[in-house]
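Each chain is listed here by its residues.
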Amino acid sequence: MVFLVIIAGGVVRMTQSGMGCPDWPRCFGRWVPPVSANQLPADYEKYLKTQDIDHSFNAYHTWIEYINRLLGALLGVFIVIHFVWSLRLFRKSNKQIVLLSLLMLLGVGFQGWLGKKVVDANLAVVKVTVHMLMALVLAALPVIIISKLRGLKIPADKWVKNLSVITLLLLIIQIILGTEVRSQIDQIAKPLDYGQRETWMSQLDNVFLIHRSFSWIVAIACVLLYKKSQSLIPLRSHRWLILSLISLSLITGIVMYYLNIPALAQPIHLFSASVLAITLFSFRLQLK
């Protein structure tokens, strides 16, 4: 569910629908968004006056953004059920599971509040970055719970353990750089009415050059981890997933660079990096 919400967020950015609903938690003051301009409230301009966006109504953008919010709310429902269930099963026998479940519940609440702040700040880059990192934290917490319930640890040498942590940290830095690049693209594309895609890449500053070069450092670290952990047979699927996801991330990055940032490549790029981060985290959790 967390990854589904991350994909939905990528589609929101891909379609430039981030401000499709200018208020939060409602949309144009309604719980069910309008489907046409004649359904807008008479005072709808008050929702737009603080936002640097086009004041014409676009049902396509509105509903993409609202579906993203609905998926986030559905994730919240699942986490509430998870917390109640864990409280019932583990209140006495395993308080760590209950605590982690509570952290998930608090985390999804914080993420919802942060989503409001992102809307209020008109997609300010720092808030978007924190929003993305918080999504990864929410994805990591269930993995910790699964690891504790399994209770299985695989012996590994210190070199492999340290390399897995370093690789994960490098990837997180790369994700942060990526959110900055994506925000720059928004700033470049908006005055061009999201046209003339062939000119976007040439206008990016040095952050993009760092992001592009850093991707190879992350890739080398992933390949090195794959090679050095060959003896860890129980983690074979993790190793192959790491290799596949870093390859997919690199391929979509190259596609975006040489094919003028095709829209579909963007959420795939984001999704592959997100799943790779959680796979690396899971890999490290399972090492003794």
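Colleague: Explain the overall build of the chain to me, and be specific about the residues and the numbers.
Modeller: Each helix and strand in the chain was counted, giving nine helices and zero strands. For the chain, the sequential pattern of α-helices and β-strands runs α-α-α-α-α-α-α-α-α. Whereas a compact globule of 288 residues would reach a radius of gyration of roughly 19 Å, the chain reaches 21 Å, a difference of no more than 12%. If you line up the chain on its principal axes, its C-alpha atoms span 65 × 50 × 25 Å. Pairs at least 24 apart in sequence give 75% of the contacts found in the chain among residues at least 6 apart.

Colleague: Describe the nonpolar core, with residues and values.
Modeller: Judged by nonpolar contacts, the single largest core of 51 residues is most densely connected at Leu232, Leu276 and Phe283. Counting residues per element, this core draws most heavily on helix H5 (residues 125-150), which supplies eleven residues. In contact with Leu232, other than residues within four places in its own chain, are Ile154, Pro155, Ala156, Val160, Arg239, Phe283 and Leu287. Counting eleven residues, the second-largest nonpolar core is a separate cluster that includes Val181, Ile185, Ile188 and Ala189.

Colleague: Tell me about the packing of aromatic side chains, and please be specific about residues and values.
Modeller: Within a pair of aromatic rings, the relevant descriptors are the distance that separates the centres and the angle that separates the planes. Tallied over the full model, the rule gives six aromatic pairs. Geometrically, the ring pair formed by Phe110 and Trp113 is tilted, given 5.6 Å between the ring centres and 35 degrees between the ring planes. With Phe110 and Trp113 both in helix H4 (residues 95-120) and three residues apart, this pair spans about one turn of that helix. Judged by its relative accessible area of 36%, Phe110 falls in the partly exposed class. Look at Trp113 and you get partly exposed, because its relative accessible area is 45%. Here Tyr226 and Trp240 contribute two aromatic rings whose centre-to-centre distance is 5.3 Å and whose plane-to-plane angle is 70 degrees, an arrangement assigned as edge-to-face. Of this pair, Tyr226 sits in helix H7 (residues 206-228) while Trp240 sits in helix H8 (residues 236-258), placing them 14 residues apart in sequence.

About the cut-offs
Residues numbered from 1 in each chain as written. Predicted model: local features only at pLDDT ≥ 70, side-chain atom pairs only at ≥ 80, totals over all residues. Heavy atoms only, no water. Helix = DSSP H or I, 4+ residues; strand = E, 2+ residues; numbered from the N terminus. Rg over C-alpha atoms; globule rule 2.2 N^0.38 Å. Contact = heavy atoms within 4.5 Å. Core = buried A, V, L, I, M, F, W, Y, C linked by side-chain atoms within 4.5 Å. Buried < 20%, exposed > 50% of the residue type's maximum accessible area, 1.4 Å probe, protein only. Phe/Tyr/Trp six-rings, centres within 6.5 Å; stacked < 30°, edge-to-face > 60°.

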